[in-house]
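Given next are the chains, with one letter for each unit.
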Amino acid sequence: MRFHPDIRGVLFDFDGTLTLPGALDFPGIKKALGCPLDEPILEFIQQQPPHKQDPLWQVLIRHELKAAAKSRPNTGAEPCLRALKEGGIALGIFTRNSLQSVQKALLTFEHIDLNDFAAVITREDSPPKPHPGGVLAAAQAMGILPALLVVVGDFHFDIIAGNRASARTILLTNGKLPQIDEDHSCPDYVCTCFEEILQVLCRPPVFSRRLPA
Ligand SMILES: [Mg+2]
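Residues numbered from 1 in each chain as written. Predicted model: local features only at pLDDT ≥ 70, side-chain atom pairs only at ≥ 80, totals over all residues. Heavy atoms only, no water.

A. Looking closely at the sheet that holds strand β2 (residues 90–94). Strand order in the open sheet made by the six strands is β3-β2-β1-β4-β5-β6, with parallel pairing throughout. Since the sheet does not close on itself, it has two edges, and those belong to β3 (119–121) and β6 (189–191), each with one partner. Taken pair by pair, the neighbouring strands of this sheet meet at an average axis angle of 20 degrees, ignoring direction. For strand β1 (residues 9–12) and strand β4 (residues 149–153), the ladder comprises four bridges, and the chain directions are parallel. In the strand pairing of β4, Phe12 is matched with Val152. Sheet strands in contact with helix α8 (residues 156–164) are β2, β4 and β5 (168–172), and its direction is about 175 degrees off that of β5. (Pairing = 2+ DSSP bridges. Helix = DSSP H or I, 4+ residues; strand = E, 2+ residues; numbered from the N terminus. Axes fitted to C-alpha atoms, helices over the stretch in contact; angles between N-to-C directions. Contact = heavy atoms within 4.5 Å.)

Next comes the structure, spelled out in structure tokens:
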């Protein structure tokens, strides 16, 4: 498979992108933490008084590891990753989850393991998305410019982080209606599934809007 020459790496969100959506029960976790439904979890914990943070992290980690154990590879994710790797494209993961959860969930993949990724950026490594730091750190670890990187994710934080880092972005909808905020999280492309992502990465005109000069 031949990919567009201006694409050297693809950086994937993990939960709901490389894994089937639904394993992480965000409303349930927020309820267990006392986190309002409209607030992001990591930021909520970080805003609590120092003595309250540690027990909340433990609750979060317990839920995340339970979800990781029952998570499954997303439909088409493994063939897509293999095709990219065989086409010479560097692979990366960037997630607001922990490295331990990623390692655990990847055990459920049959044809892909942690060593297939040139960069694995978890919340231990950089400020969480939508901060662009994780994208920039991944690009550096992969040895490629952010502009030659495509960020793929199922949530607007993924797209905002990619846009802020000057990477190109693909929103994966998993067949649902996309929720796009034109001002902050407009992706270069919207795909319903991994087969479409592969098609997009092979097609030259798609990314012409933000090709480097
Ligand atoms: Mg996600």
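B. Structural detail: the domain arrangement of the protein chain. Split into domains, the protein chain comes out as domain 1 (9–20 + 72–210) and domain 2 (26–70). A C-alpha centroid distance of 24 Å is found between domain 1 and domain 2. With 13 residues of domain 1 in contact, the opposing surface of domain 2 contributes 12 residues. For the domain 1 and domain 2 pair, buried surface summed over both sides reaches about 990 Å², with 55% attributable to carbon and sulfur atoms. (Domains from an automatic or database assignment. Buried area = accessible area lost by both parts, 1.4 Å probe.)

C. Here's a closer look at the coordination of the magnesium ion. Within the protein, the magnesium ion binds to Asp13 (OD), Asp15 (O) and Asp154 (OD); these donor distances fall in the range 2.1 to 2.3 Å. When the donor residues of the magnesium ion are listed from N- to C-terminus, their spacing reads D-x1-D-x138-D. Judged by its relative accessible area of 6%, Asp13 is buried. For Asp15, a relative accessible area of 21% puts it in the partly exposed group. (Donors = N, O, S within 2.8 Å, 3.2 Å for Na, K, Ca; no water. Buried < 20%, exposed > 50% of the residue type's maximum accessible area, 1.4 Å probe, protein only.)

D. Summary view of helix α4 (residues 50–70). With 21 residues, α4 ought to run about 30 Å at 1.5 Å a step, and its terminal C-alpha atoms sit 31 Å apart, in line with that. Those residues of α4 that sit buried are Gln53, Leu56, Trp57, Val59, Leu60, Glu64, Leu65, Ala67 and Ala68. If you follow the buried residues of α4, they end up packed against α2 (26–33), α3 (41–46) and α6 (99–106). (Expected span 1.5 Å × (residues − 1).)

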